2 protein chains.
Amino acid sequence: MRKVGFLVFDDVTMLDVSGPAEVLSRATDYELVYFSPTGGSISSNSGLSVSGTLIPDLELTKSLDTLIIAGSDALPGSPWPDGLIEAARILTTGTHRIASVCTGAFILAELGLLNGRHATTHWKNAQDLARRYPKIRVDADILHVHDGQFITSAGISAGIDLALSIVEEDHGASAAREIAQEMVVFMHRPGGQSQFTGAYSYSPASNSIVQKAISIFDADPTGEHTLVSLAHAVSVSTRHLSRLFQQELGITPARWIERMRLSRAQKFILDGFTISATAQHSGFGSDENLRRAFSRSFHMSPTEYRARFSSTFRTF
Amino acid sequence: MRKVGFLVFDDVTMLDVSGPAEVLSRATDYELVYFSPTGGSISSNSGLSVSGTLIPDLELTKSLDTLIIAGSDALPGSPWPDGLIEAARILTTGTHRIASVCTGAFILAELGLLNGRHATTHWKNAQDLARRYPKIRVDADILHVHDGQFITSAGISAGIDLALSIVEEDHGASAAREIAQEMVVFMHRPGGQSQFTGAYSYSPASNSIVQKAISIFDADPTGEHTLVSLAHAVSVSTRHLSRLFQQELGITPARWIERMRLSRAQKFILDGFTISATAQHSGFGSDENLRRAFSRSFHMSPTEYRARFSSTFRTF
């Protein structure tokens, strides 16, 4: 039996816990144990509670094979729940394999355990994670990433993908496959996390040159903006503008322009515009440019995007 | 506020409950109430418990807008938990909209509420549902089906798809989309439930003619079997053999032959055989026949199937 500990706390996102628990309880040899800073019953975000949680101590946790740290919508903000970091410190000490779901990555980051490593978190929080912990190599697109003994996973439902990858690691692909099929989920979903991002929002820029470049773009979002044209318009070198964008927004100007166009295109496609009209109104110009940008960012075509996100009912 | 009641019971599949609860608690105006035959705390299949459940009575349930009945791996078998059917009878009386997740459909079926309607359940249990309740039009492929006031959904994780469709019904597609994106799930997943089926197993045939036809196929699974060749081999008319297959297995002989070939092809593809070798060894003959059969049954190509189900890690 491998002992798998979950770290939970008040307002934890229930699916971050119940998704992996469903997967692991369907495999043969995992014993699931729930820990929380306070012990006892914990109430989750959805009103469902987790009862019988234990307060971690080094004696209890030394037999732990794997730790899974759940997330919460409130987690990146502060103050964090009392005792959470201390509980995580005890649980991660000497534990063979350490995983996080969604914003649970912030707890590992705060302990310094992800420094120099590849990691991911919910797409909404990826920019924040990268800014607050610049030594982490944040991949906002991937659904789960294994780096040494650490595994981090993307937003909420990605905890299921994470747990399947743990079962595959321990028992091989066919054991994981059987559970995926029973649970009616893919073993490997098409595309990454980026396809789930809605309208992109970056924190407002504090640098006045970046602010000016953004307002030039915003005034004419279908225009033919490039790094060169924006740098010219704000009277700095392309190299300087690139450096400022990276510092302020963590992204190159060219990529930022593409993200803004994609964000508009996503909206037009879901509003029922044709691919050609979308390409025109979002500043991509040609259908082909639109398709390439979609494929690069979302690993799917605009038509597939419409099929996945326009309705829960079959629309075409 | 719309009051949504969940019917849960001991050994309930936790994700059948927590999946929809996660969706609905992220929408603005649902109040979630949990009912069980015995009231109090209920322990789920994964060790997580649901506490504070109420015993249903007509007074309590008359304000219910929607009822969601969860499933359990044990549910289709008997005996069912004490009081479950009676609790469901009370909860379904006068309730505006009634939904089931996974094997929860068996409870609605037992109450006769799905007679004459389209319905679905976990792919593992679809044949059983159709046999035990022949008045239900069972669609084993779909992820959720709405028929009048009744909504049934496929296996386990399809409860999330179901709840998103309820949010879309009540608040429009963009409200549902925002929740899907937050939870990192599709609004409409590619394909249906059939793509998740593993090796197909039918209950053994009791009719000796059907048995004989099956053993002729099994002795040479790559052979060019057809309805005509099998009928000839067992010395009955094609019409008679078709009728016997339908009665015994709920499927036509041609479709049964295709399912058996697909089952072998799925295995070969996951074992790493090329598409051509798979087509040959599974009796499809040509790559094109294999592709067509995959597309018809799983709404994806053999290559896509490999990408979705060979590993939780990116393999190519």
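Being a predicted model, the structure only gives us computed values, none of them experimental. (Residues numbered from 1 in each chain as written. Chains lettered and ligands numbered in written order. Predicted model: local features only at pLDDT ≥ 70, side-chain atom pairs only at ≥ 80, totals over all residues. Heavy atoms only, no water.)

Novice: Could you give an account of unusual backbone geometry, naming the residues involved and the relevant values?
Specialist: One non-glycine residue, Ser235(A), adopts positive backbone phi at about 60 degrees. Along the chain, Ser235(A) falls in the loop between α9 (227-233) and α10 (238-249). In this structure, Asp11(B) is a non-glycine residue whose phi angle is positive, near 75 degrees. Mapped onto the fold, Asp11(B) is located in the loop between β1 (2-7) and α1 (14-26). Given the relative accessible area of 47%, Asp11(B) is considered partly exposed. (Helix = DSSP H or I, 4+ residues; strand = E, 2+ residues; numbered from the N terminus. Buried < 20%, exposed > 50% of the residue type's maximum accessible area, 1.4 Å probe, protein only.)

Novice: With reference to specific residues and values, describe the nonpolar core.
Specialist: In this structure, Phe6(A), Leu24(A), Ile68(A), Phe6(B), Leu24(B) and Ile68(B) are the most contacted members of the largest nonpolar core, which totals 165 residues. When residues no more than four places from it in sequence are discounted, the contact partners of Leu24(A) are Val4(A), Phe6(A), Tyr30(A), Leu32(A), Ile68(A), Ala163(A), Ile166(A) and Val167(A). Counting residues in hydrophobic clusters, the runner-up holds 17 residues, among them Phe245(B), Leu249(B), Ile251(B) and Ile257(B). (Core = buried A, V, L, I, M, F, W, Y, C linked by side-chain atoms within 4.5 Å. Contact = heavy atoms within 4.5 Å.)

Novice: Provide a residue-level description of the sheet that holds strand β1 (residues 2-7) of chain A, including the pertinent values.
Specialist: Residues and elements named next belong to chain A. Taken in spatial order, the six strands line up as β2-β1-β5-β6-β10-β9 in an open sheet, and their pairing is mixed. At either end of the open sheet lies a strand with only one pairing partner, and these are β2 (30-35) and β9 (144-147). When the angles between neighbouring strand axes are averaged without regard to direction, this sheet yields 20 degrees. The pairing of β9 with strand β10 (residues 150-153) spans four bridges and is classified as antiparallel. Note that in β10 the partner of Asp-147 across the bridge is Phe-150. Of the strands in this sheet, β1, β2 and β5 (66-69) are in contact with helix α1 (residues 14-26), which crosses β2 at around 155 degrees. (Pairing = 2+ DSSP bridges. Axes fitted to C-alpha atoms, helices over the stretch in contact; angles between N-to-C directions.)

Novice: Can you explain the relation of the copies chain A and chain B? Please cite residues and give values.
Specialist: Laying chain A over chain B is done by rotating through 180 degrees and shifting 0.0 Å along the axis; what remains is an RMSD of 0.0 Å. Classification of the inter-copy transformation places it as that of a two-fold axis. Both copies share a contact surface, since 100% of the interface residues of chain A are interface residues in chain B too. (Least-squares fit on C-alpha atoms with pLDDT ≥ 70 in both.)

Novice: I'd love a proper account of the side chain of Arg26(A), names of residues and values included.
Specialist: Turning to its location among the elements, Arg26(A) is positioned in helix α1. Residue Arg26(A) is classed as buried on the basis of its relative accessible area, which comes to 16%. At 3.0 Å, the side chain of Arg26(A) and the side chain of Glu22(A) are in polar contact. When neighbours within four sequence positions are excluded, Arg26(A) is seen to be in contact with Ile179(A), Glu182(A), Met183(A), Thr13(B), Asn45(B), Asp73(B) and Ile156(B). (Polar contact = N/O pair within 3.5 Å; in protein donor to acceptor, adjacent residues only side chain to side chain.)

Novice: Break down the domain arrangement of chain A for me, citing the residues and quoting the values.
Specialist: All names here are of chain A. As far as domains go, chain A holds domain 1 (2-196) and domain 2 (208-309). The C-alpha centroid of domain 2 is placed 33 Å from the C-alpha centroid of domain 1. Taking both partners together, domain 1 and domain 2 bury about 590 Å²; carbon and sulfur atoms supply 49% of that area. In terms of surface lost to domain 2, no three residues of domain 1 exceed Arg-131, Ser-194 and Gln-195, which account for 60% of the buried area on that side. Remark: the boundary between domain 1 and domain 2 carries zero salt bridges. Across the domain 1-domain 2 interface, the total number found is two residue pairs in polar contact (both at pLDDT 80 or more). Broken down by class, the residue content of the side of domain 1 that touches domain 2 amounts to one nonpolar, five polar and two charged. (Domains from an automatic or database assignment. Buried area = accessible area lost by both parts, 1.4 Å probe. Salt bridge = Lys/Arg side-chain N within 4 Å of Asp/Glu carboxyl O. Nonpolar A, V, L, I, M, F, W, Y, C, P; charged D, E, K, R; others polar.)

Novice: Explain the pattern of salt bridges residue by residue, including any values.
Specialist: All names here are of chain A. Applying the stated criterion to the full structure yields 40 salt bridges over all chains. Put simply, Arg-132 and Asp-128 hold a salt bridge, and the shortest N to O gap is 3.3 Å. Here Arg-132 pairs with Asp-128, and both are found in helix α5 (residues 126-132), just four residues apart, close to one helical turn. We classify Asp-128 as partly exposed; its relative accessible area is 27%. Where salt bridges share partners, they join Arg-2, Asp-29, Asp-65, Arg-97, Glu-169 and Asp-170 into one cluster.

Novice: Residue-level account of the side chain of Thr53(B), with values.
Specialist: Residue and element names in this part refer to chain B. Relative to the helices and strands, Thr-53 is located in strand β4 (residues 49-53). At 2.6 Å, the side chain of Thr-53 and the backbone oxygen of Gly-40 are in polar contact. Setting aside its immediate chain neighbours within four residues, Thr-53 contacts Val-8, Tyr-34, Phe-35, Ser-36, Gly-39, Gly-40 and Ile-42.

Novice: Describe the packing of aromatic side chains, naming the residues involved and giving the relevant values.
Specialist: In the structure shown here, the tally under the stated rule is 24 aromatic pairs over all chains. Here the aromatic residues Phe186(A), Phe196(B), Phe294(B), Phe298(B), Tyr305(B) and Phe309(B) are joined through ring pairs into a cluster of three or more. Positioned above the aromatic ring of Phe186(B), the side-chain terminus of Arg308(A) is 5.9 Å from the ring centre. (Phe/Tyr/Trp six-rings, centres within 6.5 Å; stacked < 30°, edge-to-face > 60°. Lys NZ or Arg CZ within 6 Å of the ring centre and 35° of its normal.)

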